[in-house]
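In case you want the letters, here they are:
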Amino acid sequence: MADIIYQSLDISNLPDDIRDKLAELDLELSEGDITQKGYEKKRTRLLAPYIAQQQSQAGGHLPRGPRGDSGSSRQHTRNRRTHRRVTHNEKRYHSEVRQEAVQQALAEMQNRPKPSLPMPSKRTSMMAKSPDRERHDLSSSSDEDSCAGDSELPPPPEMGSPPSRRPAAPHPRAHPHPLPQAHHPRDKKHTPREKTDIDLSDITHLPTYIQPDVTHTSAGARRGGALVADRVQCYSQPEDTGTGTGRWKVSAKIQQLLNTLKRPKRRPLPEFYEDDDIELELAANPKDPNAPKPEGGTMTPAVGEQLVVPAGLPRNLEAALQRYGTASFKANVATVLDPNGKLSNSLTYGKLLSRSLKIAYALLNKTFTSKSTSGGPLTGDSTLKPGDRVALVYPNNDPINFMCAFYGCLQAGVVPVPIEVPLTRRDAGLQQVGFLLGSCGIQYALTSDACLKGLPKTSSGDVVSFRGWPSLHWVSTEKLPRPPRDWIPPPRPAEDTPAHIEHTSAADGSAMGVIVTRASMLAHCRMLSVACNYTEGEHMVCVLDFKRETGLWHAVLASVLNGMHVIFIPYALMKVSPASWMHMITKYRASVAIVKSRDLHWGLLATRDHKEISLSSLRMLLVADGANPWSLSSCDQFLSVFQSKGVRGDAICPCACSSESMSVCVRRAGRGGSSAGRGVLSMSGLSYGVVRVDAENSLTSLTLQDCGQVMPSCVIVVVKMEGPAYLCKTDEVGEICVLSGATGSGYWGLPGLTNTVFRVRPLDADGEAIGEEHYVRSGLLGFLGPGGLVFVCGSRDGLMTVTGRKHNMDDIIATVLAVEPMKFIYRGRIAVFSVRVLRDERICIVAEQRPDCGEEESFQWMSRVLQAVDSIHQVGIYCLALVQPNYLPKTPLGGIHLSECKRRFLEGTLHPANVLMCPHTCVTNLPKPREIHSDVGPASVIVGNLVQGNRLASAQGRDMGYSDDSDAARKYQFISQILRWRAQSTSDHVIFTLLNSKGAATKVLTCAELHKKAERIGNLLLEKGRVNTGDHVALIFPPGLDLICAFYGCLYVGAVPVTIRPPHPQNLHTTLPTVRMIVDVSKATLVLSNQSVIKLLRSKEASNVIDSKAWPITLDTDDMPKKKLPILYRAPTAEMLAYLDFSVSTTGMLAGIKMSHAAVTSLCRSMKIACELYPSRHIALCLDPYCGLGFALWCLSSIYSGHHSILIPPSEVEINPALWLSAVSQYKVRDTFCSYGVMELCTKGLGSSVNQLKAKGINLACVRTCVVVAEERPRINLTNSFSKLFSALGLSPRAVSTSFGCRVNIAICLQGASSPEPSTVYVDLRALRNDRVSLVERGSPHSLCLMESGKLLPGVKVITANPETKGQCGDSHLGEIWVQSPHNASGYFTIYGDESDYADHFSAQLVTGNTGEVYARTGYLGFLRRTEISTTGTGDDTSLISRDSDTESLASACGSMGGLMTDTHDTHDAVFVVGALDETIMLRGMRYHPIDIENSVMRCHKKIAECAVFTWTNLLVVVVELDGNDSEALNLVPLVTNTVLEEHHLIVGVVVVVDPGVVPINSRGEKQRMHLRDGFLSDQIDAIYIAYNM
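The shown structure was predicted, so the numbers you read here are calculated from the model rather than taken from an experiment. (Residues numbered from 1 in each chain as written. Predicted model: local features only at pLDDT ≥ 70, side-chain atom pairs only at ≥ 80, totals over all residues. Heavy atoms only, no water.)

### A word on the overall build of the protein chain
- Scanning the protein chain from N- to C-terminus turns up 47 helices and 59 strands.
- Of all intrachain contacts in the protein chain linking residues separated by at least 6 positions in sequence, the fraction that spans at least 24 positions is 78%. (Helix = DSSP H or I, 4+ residues; strand = E, 2+ residues; numbered from the N terminus. Contact = heavy atoms within 4.5 Å.)

And the structure:
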């Protein structure tokens, strides 16, 4: 309603003062000095009286809408547009031509079929403003160079108050267009998302049943807090089974992304590239045959006019100060305005002379008091001598004290180093400034009283020690005593000694000090005096920083040499009153003004202040940044507006300069109209370094103005930007070099850089130097135009070379700002830089977005920016990021600190609010995709291996026939018989001990007690369960002795036990369905459990998930008959089924395997031989006892071998991380087994407690083998960390090893008791992607360290075969591991999925070679390597050799392993597991293993706690867990994309940032990537942020 009233109000009829206030209000809004809310409030207050008046005139009726009075509405709109005309031009580098070009380019884009970009998904907590954010909004600053004190940087998220990550109530994710709730019923946690205009008909629907895992019941998983049981099956199935987009939102977005990527690129991707660094480099810099080439002749140096020094000019600055300080001592040298525009302070020449002498005397005689930093006392000689360096630290509003100190240093012969005031210890670039101070040997910092009071102090009152700074004495230069009357300054130092050191920064942010000698300083002042025609008594207005470059040279040095008066305008005043500098020109009839193009632009906006301005006295308006290509429009607009106020066209004088070369050129005043030049150049030509004139109405043209003529007595040449300093051709862009007596002489303390920049000898076309003189590189890029005019089109620091073409940062900024800038971003708060990824530079844009800017608006704006830059510059943007207001690091004068911004971006500390990555469209130098040769068959491969002398991959463990006399159990075929025999022969032998979290033995079991309990359970099954032979019985017990008793009770009566992990009491809704599913799938006829679990299954909470009446008959082992079992069941044959083993593989496949009685005894016998297990041994087990090798060790091995097993449930280790190691030490355990989860818990939980454990007497020297039970590639980093950490407790590094088993064979490799240390190899990661194994040296590029997975168990034979062709592989190939063993599983009982895919898993045969043998396919890729071992050496003695003959007997090589090795050297075949075949990712024809990508991602940012990757429709999806605040989520997106691209040459399609604990982990500590994939695609993940890379 209010908007309609405002539109109807004719602003042109309002009083002038109200219109001025409205214009000022609009300016404040555009500059970001006021929030939208405050703007509307003030505007309403201003217009309220006139609205009321209009309504009373209209009789209280509202004005008609646009339809009713379209003409009137248009008139009002036109009036409003006219009124706000000036605020439409608020761009830092404004150009009408550029804005028209951008709008035209975008219009053309509209006509093309435009793919819709998928919006990123963001959690509500990330969108809601924190109280901290509100505070920043109020003080947001949009100006390019605002005063440092006006708006400080907000504290980083870890310092401030971050938004709450976990609201009390479930929070919906916010999206622009929520779908109606009624159409998509689902849990409160998963509220509907925004609409997507994608046709979902072609998306393949996933199965409606997500594969569960058998999770363990322990609480408090890794990284504290998240339940491990929550980490699998944590994505409950949505209730909606329809085809609405709610369920398939993620799928739709990926489909949308794929459709976007199908659009044809304007630049074709080069076809094939070798996977090599050199090839990547060449591909990043292709030679374009159509690129324009320079055609002109070699340039001739441009020579300035001869320097004729005016007769009356003082001979040097000291003489000038002496002359004017005595003859004109009452004349003002400087006047400074306060922030209110009032004249606050003036300095006369007399005062300047007397104060500078006071300071000179004080410096040389130490007659001052000083404050030290808190860093400690100063070292060395602290007296000052001529030639020593001191720091000048003065704020930007105190030029008077600065001038006194500067001239005081000159009088004393001390070298001043002006730097900015450090406001906080977190200032951007502060450490680099400290490096400069340290290298200059500075011990004293001169400052003013006010500044000294304002510096941060310690509690003792000393100035804080800034990071990286040397210890300093802080000295105030005010209120110093007079020097004695007879004291005279020391003699003037030699002309070649340093006069001052100017602080400058390199492109990477490193601080450097340019040495300016006394001769150079004086020569430069004379040049400026002549070129600018300065005369005594003139008034100069200066808006620039007086501590460096143009401000210092003109307003502090040349002005004093000529006896001028300078009026200084502080930045704080410019923000409040942008026209104040013009008022000072009017007031003092100033003839010279020194400004930047930004100041001209600001002056244009201050329309209210234009009335009383008269600029007719101005003969020279020096534009200090005239070298900036976009200063032209500011100059033109300023002239057109203020020509009526007396500004002449020939008064505007752009100049070009740099700290190294000082003033390069300046347009002479009075000659601008006749000799000023401008050129309309092709930006495409400039990108190739060539000058080409373009049509004025071209979309891709750049209009440049000249920067005037060469300085007097200077010579300028233009040399090539790269390589040797060859002279450029006349139509070629290069770096401007200067030969003059008025340049810097070098960088302080950096001789190498000094030679590169200050000692340049240009070469002609023949490679000969054009003279003996040394030129200085200016860092400016440009060319010489007609008439000796200098044109500058960029700077070396601002240059970005992308795919062989050069782009200027300022050009990109101008294009970005021409895309509706004021609606979305702050004008002066934008950074453009390039990062080097995959051998090429990639352009990144970071801008501060307005607080009222919505997600969808931001995303649309970013997509328009991409289109505009692509159209105008023909270059892609790699990353576009928007940050919150005031979050970009600032320079002390309020501008963007570019190098610090880039550093934070690369470190992941920038905290963007929105990110759009576009690697698909930018990266055109990916390596060659692999070509699969389908015509090469397995026979050809074998022949090739034989011809090349490669061994066919085959290996086997030692013969099972070997045994000792103590193996009496060998005569029994059934494990149940062995238990009965032990109960009779060694009835009192303790066989099991169960420990609790305190380390106390809660239960102890002897052979006889176990036998009796098993008999009673057998009776229970027969009497109450009515169990028949062969019935399946589900055993649902917590880890303990009851499970073992129940297992043997089932065997005693001929039942088939199925061990199942009980549901987690705090996570029933996900773990209970898993339990129920295994009960159903295993076809269990009854459930056996204890009282506590049965109570849980029948609880109200469990009944809400699964009906308690739906369970099979459930028997309680706590309520058993005490009868003796009449007869022990004996199976007719050992090949009959002993038990079922259900587990979820790492690929998320739930599979039950059948284990026969023969396989059980064979497995136990094999482990007994390998590990030398005897009844006298103590074995510590810290594993879950439900499946695989963990179950075999927990329930079977002790019965067969008779050793004492100490059982430690992993859930108890989570409560007490020292439990396992304490038990190992207490019982003097030689052999122990654990999982990766337990090892990680100990490594992280005990990292800082090793000394305390040592003090408690824990000693691990007894450990002979510590085996990690796993079904994956060995985690060598974790095992190494564990070994190193606990070596202080005596743990031998040789003890730690891994095992390997899988579904078809639960124990293939296991480190034996007398086995040598596990060997490691380094393989080429690039070769591995092509299924080749290439060994490299440690530390080689692209090397991957792999550890063997233990030694092959006795009786086990393995080969590697090609999984597609089933041909046997050679040693140098990666193949699927096939296994042949008496303890192979008999087959799958059931497998969840397409069973036809797994039909040959247990009956695979080779198609070449020995085709008669039958193997089981493990589903894991790996390779075999023969290793030579030394029985006495360490791991360093392990080397790899090749076998001499392919037909050599493997059995003979391995038969003497173990404790019987007699030779000094022996060989064995090491098995190296690389990864699961089903988990490998096939992209670009190459095979990637997820763990390799995940390891790279884990290294890229310290806040990434865990990571998992998978693919969908050829898009790589990376899920990262963020161990930090939600506000840090977007930091990870660019880093993850960069790292994967750089290390693996893959483009990440989607980055998903989630909370810790979301990546599902199974009981063995292995990631369940397929579960995660299913949860992601069915929209079941509560992600913090989902980024879709373009």
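### Considerations on the packing of helix α19 (residues 597-605) against helix α20 (residues 631-642)
- At a minimum axis distance of 9 Å, the contact between α19 and α20 shows a crossing angle of 40°. Considered as vectors, α19 and α20 are oriented oblique to each other. Here the hand of the crossing between α19 and α20 comes out left-handed. Contacts from S597, L600, H601, G603 and L604 of α19 reach α20 at S631, S634, C635, Q637, F638, V641 and F642.
- A per-class count over the contact of α19 with α20 returns six nonpolar, six polar and no charged. (Axes fitted to C-alpha atoms, helices over the stretch in contact; angles between N-to-C directions. Parallel < 35°, antiparallel > 145°, perpendicular 65-115°, else oblique. Left-handed = near helix turned anticlockwise from the far one by under 90°. Nonpolar A, V, L, I, M, F, W, Y, C, P; charged D, E, K, R; others polar.)

### A closer look at the packing of aromatic side chains
- A complete count under the given rule lists 26 aromatic pairs for this structure.
- An angle of 75° between the planes, with centres 5.7 Å apart, marks the rings of F1047 and Y1139 as edge-to-face. Here F1047 is found in helix α32 (residues 1041-1052), whereas its partner Y1139 is found in strand β39 (residues 1137-1144), with 92 residues between them in sequence. When sorted by exposure, F1047 lands in the same class as Y1139, which is buried.
- Linked through ring pairs, Y394, F402, F406, Y407, F546 and F568 together constitute an aromatic cluster.
- Between the NZ or CZ atom of K547 and the centre of the ring of F546, over which it lies, the distance is 4.9 Å.
- A cation over an aromatic ring shows up here: R1076 above the ring of W1111, its NZ or CZ 5.2 Å from the ring centre. (Phe/Tyr/Trp six-rings, centres within 6.5 Å; stacked < 30°, edge-to-face > 60°. Buried < 20%, exposed > 50% of the residue type's maximum accessible area, 1.4 Å probe, protein only. Lys NZ or Arg CZ within 6 Å of the ring centre and 35° of its normal.)

### As for the side chain of Q411
- Topologically, Q411 is positioned in helix α12 (residues 399-412).
- In this structure, Q411 is in contact with E318, L321, L353, S356, L357, A360, P489 and P490, ignoring residues within four places of it in sequence.

### Digging into the pattern of salt bridges
- Taken as a whole and assessed by the stated rule, the structure comprises 49 salt bridges.
- Put simply, R492 and E495 hold a salt bridge, and the shortest N to O gap is 2.2 Å.
- Residue classification places R492 among the partly exposed positions, given a relative accessible area of 30%.
- For E495, a relative accessible area of 36% translates into the label partly exposed. (Salt bridge = Lys/Arg side-chain N within 4 Å of Asp/Glu carboxyl O.)

### Side note on helix α40 (residues 1236-1245)
- Of all the 10 residues making up α40, seven are buried; the element is thus mostly covered by neighbouring parts of the structure.
- Of all the residues in α40, the buried ones are Y1236, V1238, M1239, E1240, L1241, C1242 and T1243.

### Examining the side chain of T1006
- Within the element layout of this structure, T1006 appears in strand β34 (residues 1001-1006).
- Note on T1006: relative accessible area 12%, which makes it buried.
- Within the structure, the side chain of T1006 is placed 3.4 Å from the backbone oxygen of S987, a separation counted as a polar contact. (Polar contact = N/O pair within 3.5 Å; in protein donor to acceptor, adjacent residues only side chain to side chain.)

### Some words on the packing of helix α11 (residues 349-365) against α12
- It is at 7 Å that the axes of α11 and α12 come closest, and there the two elements cross at 55°. Classified by the interaxial angle, the pair formed by α11 and α12 is oblique. In this structure, α11 meets α12 at a crossing whose hand is right-handed. In this structure, α11 uses L352, L353, R355, S356, L357, I359, A360, L363 and L364 to contact α12, whose residues at the interface are I400, N401, M403, C404, A405, Y407, G408, C409, Q411 and A412.
- The class makeup of the residues in the contact of α11 with α12 is 14 nonpolar, four polar and one charged.

### Looking at the sheet that holds strand β2 (residues 302-303)
- With antiparallel pairing, five strands are arranged side by side in an open sheet as β2-β21-β22-β24-β25. Sheet topology places β2 and β25 (790-795) at the edges, where each strand pairs with a single neighbour.
- Relative to strand β21 (residues 715-719), β2 runs antiparallel, the two sharing two bridges. Within β21, the position partnered with A302 by the bridge is I716. (Pairing = 2+ DSSP bridges.)

### Description of the sheet that holds strand β41 (residues 1178-1182)
- In space, the seven strands of this open sheet follow the order β34-β33-β42-β41-β43-β44-β45, with mixed pairing throughout. The open sheet has two free edges, formed respectively by β34 and β45 (1296-1298), since each of these has just one partner strand. Sheet twist, expressed as the average angle between the axes of neighbouring strands with direction ignored, equals 20°.
- In the sheet, strand β33 (residues 990-995) pairs with strand β42 (residues 1204-1207) via three bridges, with the strands oriented parallel. By the bridge assignment for β42, L994 is matched with L1207.

### Considering the environment of T700
- The topology assignment puts T700 in the loop between α22 (683-687) and β19 (701-705).
- With a relative accessible area of 17%, T700 lands in the buried category.
- Between the C-alpha atoms of T700 and L681, which are 19 residues apart in sequence, the distance is 8.6 Å.

### Here we look at unusual backbone geometry
- Its identity as a non-glycine residue notwithstanding, E549 has a phi of 50°, on the positive side.
- Tracing the backbone shows E549 in helix α16 (residues 549-561).
- Despite not being glycine, N886 shows a phi value in the positive range, around 70°.
- You can see N886 is positioned in the loop between β30 (877-883) and α27 (898-907).

### Focus on the state of the cysteines
- Summed over the entire model, instances satisfying the criterion amount to zero disulfides.
- Left without a disulfide partner, C844 is nearest to the cysteine sulfur of C879, which lies 5.1 Å away.
- The exposure class assigned to C844 is buried, which follows from its relative accessible area of 0%.
- In this structure C1302 is not part of a disulfide, and its nearest cysteine sulfur, from C1309, lies 9.9 Å away. (Disulfide = S-S within 2.5 Å.)

### Section: helix α42 (residues 1276-1286)
- Every buried residue belonging to α42 is among I1276, L1278, T1279, F1282, S1283 and F1286, and all of these are buried. Buried residues along α42 cover an arc of 165° about the axis, so they all sit on one side. Set apart from the buried face of α42 by more than 90 degrees, the exposed residues are N1277 and K1284. (Arc of directions from axis to C-beta.)

### Topic: the pairing of strand β24 (residues 776-784)
- Most of β24 sits inside the fold, with seven of its nine residues counted as buried.
- Across five bridges, the pairing between β24 and β25 is antiparallel. Bridged to L780 within β25 is S795.
- In textbook terms, the turn of a hairpin is the stretch between consecutive antiparallel strands, and for β24 and β25 this stretch comprises five residues, one of which, G787, has a positive phi near 75°.

### What about the environment of L926?
- Here L926 is to be found in the loop between α28 (919-922) and α29 (938-948).
- C-alpha of L926 to C-alpha of L1546: the two residues are 620 residues apart in sequence and 8.0 Å apart in space.

### Focus on a positive patch on the surface
- Together, K37, K41, K42 and R45 make up a region of like positive charge exposed at the surface.
- On the accessibility criterion, R45 (58% relative accessible area) is exposed. (Patch = residues over 30% accessible without salt bridge, like charges linked within 9 Å, V, L, I, M, F, W, Y side chains within 5 Å. Areas by Shrake-Rupley, 256 points an atom, 1.4 Å probe, with all protein chains shown as cover. Lys, Arg positive; Asp, Glu negative; His and termini not counted. Charge placed at Lys NZ, Arg CZ, Asp CG, Glu CD.)

### Brief notes about the confidence of the model for the protein chain
- Confidence along the protein chain averages 81 in pLDDT terms, with 79% of residues attaining 70 or more.
- Scored below 50 in pLDDT, residues 375-381 makes nine contacts in the model with residues more than four places away or belonging to other chains.
- Counted against residues more than four places away or in other chains, residues 1430-1465, with its pLDDT under 50, gives 66 contacts. (pLDDT = per-residue confidence, 0-100.)

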